[in-house]
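Results of the structural survey
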Amino acid sequence: MATSGRNGARPNRFLIWGGEGWVAGHLKALLEGQGKDVFATTVRMENREAVLAELERVKPTHVLNAAGCTGRPNVDWCEDNREATMRSNVIGTLNLTDCCFLKGIHCTVFATGCIYQYDDAHPWDGPGYLETDPANFSGSFYSETKAHVEEVMKNYNNCLILRLRMPVSDDLHPRNFVTKIAKYERVVDIPNSNTILTDLLPASILLAEHGELGIYNFTNPGAISHNEVLSLFRDIVRPSFMWKNFSLDEQAKVIKAGRSNCKLDTTKLTTKLGEYGYVVPKIHDAYRKCFERMKAAGVE
Ligand SMILES: NC(=O)c1ccc[n+]([C@@H]2O[C@H](COP(=O)([O-])OP(=O)(O)OC[C@H]3O[C@@H](n4cnc5c(N)ncnc54)[C@H](OP(=O)(O)O)[C@@H]3O)[C@@H](O)[C@H]2O)c1
């Protein structure tokens, strides 16, 4: 398999899949800022010939797969478009991983932790879900495809699977979790694991460059409730902000697919990153810093 540029091996070259997506854009900017050799592509993952040709053309050492069918305007779309969802999230994702395997390329998959829901053994103030726990959330077809593909993809020995949850950027991009909940008419109030991109995306590059493999829960440590997030947002970014809550039962009446609520255990991730001297801030601290960056950038 391709290795990092140390010890005379060929220098790292990153190819980002899903090139026009939100996470992909952040990855590209990050890698360019680090002065790395980076390319992006919009080739469809399920098109085997085109994928192989793209890998041959760019000759990456590392693929960062940030492509996936997330539904528009949201995952409810996947309920009514099951074949298209499977084509991307199952067939396409596996195909890209397999093509990378055949060509000896390390493949990092930006996956989801929205495959769990709280249960008696995992209440919000109890232990979080481990990477080895079987998925137990089947409330949405989107999550189902992601859980199934992970189950088989983890057997590829060129593959690093990073489970993001409710990603948050330092701006108010429409895909930012904060932007979404700030715009809802009513919002539930449940603690969840969240991924602050400024903290975690550099870690993804670090893990990829070190050739790490397997599954990692890829969130900041801890869980934070919607009301805690919105209170911090109000206190730091938008003093006039107000919101209303509703219950899970009331929420169920206005959405088609269920939404996962869970806390992930991040011990495996923080221990591994500790080997490289990289620290991921706990979620409450991370949100505070994120909103301070937003404020400093003039976001209102
Ligand atoms: N944002 C979240 O809340 C969140 C949370 C956890 C995990 N994730 C995962 O992280 C990844 C990136 O998410 P994102 O928020 O950046 O999503 P995004 O903005 O929707 O970007 C995904 C990109 O993937 C492309 N794509 C979809 N199917 C493809 C296929 N079969 N072949 C090639 N490209 C394809 C899309 O292009 P088209 O629009 O042209 O199809 C889009 O540009 C996804 O896999 C998502 O499931 C996201």
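Residues numbered from 1 in each chain as written. Predicted model: local features only at pLDDT ≥ 70, side-chain atom pairs only at ≥ 80, totals over all residues. Heavy atoms only, no water.

1. Looking at the UniProt feature "domain: RmlD-like substrate binding" (unreviewed entry) in the protein
The positions UniProt marks with the feature "domain: RmlD-like substrate binding" (unreviewed entry) are residues 13-183. Annotated as residues 13-183, this span is 40% helix and 15% strand, and its ends, taken at the C-alpha atoms, are 39 Å apart. (UniProt positions renumbered as here; feature names shortened; annotations may be inferred. Helix = DSSP H or I, 4+ residues; strand = E, 2+ residues; numbered from the N terminus.)

2. Considering the environment of Ser-169
Take Ser-169: it is sitting in the loop between strand E5 (159-164) and helix H6 (177-183). The exposure class of Ser-169 is buried, given its relative accessible area of 1%. Taking the C-alpha atoms as reference points, Ser-169 and Cys-290, separated by 121 residues in sequence, lie 7.7 Å from one another. The residues touching Ser-169, leaving out its near neighbours within four places in the chain, are Trp-22, His-26, Asn-176, Leu-197, Cys-290 and Met-294. Among the polar contacts listed, one links the side chain of Ser-169 to the side chain of Asp-171, at a separation of 2.5 Å. (Buried < 20%, exposed > 50% of the residue type's maximum accessible area, 1.4 Å probe, protein only. Contact = heavy atoms within 4.5 Å. Polar contact = N/O pair within 3.5 Å; in protein donor to acceptor, adjacent residues only side chain to side chain.)

3. As for helix H5 (residues 141-153)
Each α-helix winds once per 3.6 residues, and so residues spaced three or four apart point in a common direction. Given a rise of 1.5 Å per residue, 13 residues ought to cover 18 Å, and the 18 Å separating the end C-alpha atoms of H5 matches this to within 8%. Those residues of H5 that fall on the buried side of the exposure criterion are Phe-141, Tyr-142, Ser-143, Thr-145, Lys-146, Ala-147, Val-149, Glu-150 and Met-153. Buried-residue contacts for H5 involve helix H3 (76-80), helix H4 (82-102), strand E4 (106-112), E5 and strand E6 (214-217). (Expected span 1.5 Å × (residues − 1).)

4. Quick look at the site of the ligand
Neighbouring residues of the ligand: 24 residues in total, closest Val-23, Met-45, Glu-46, Ser-88 and Tyr-142. Note that a nitrogen atom of the ligand is positioned 2.9 Å from one of the side-chain N or O atoms of Ser-88. Isolated, the ligand exposes 890 Å² of accessible area, and the fraction of that covered by the protein chains is 84%. Broken down by secondary-structure element, the contributors of at least two residues to the shell around the ligand are helix H1 (22-33), E4 and H5. When residues of the shell around the ligand are assigned to their parent elements, the largest contribution, three residues, is made by E4. Partitioned by chemical class, the residues of the shell around the ligand number 11 nonpolar, six polar and seven charged. (Near = heavy atom within 4 Å. Areas by Shrake-Rupley, 256 points an atom, 1.4 Å probe, with all protein chains shown as cover. Nonpolar A, V, L, I, M, F, W, Y, C, P; charged D, E, K, R; others polar.)

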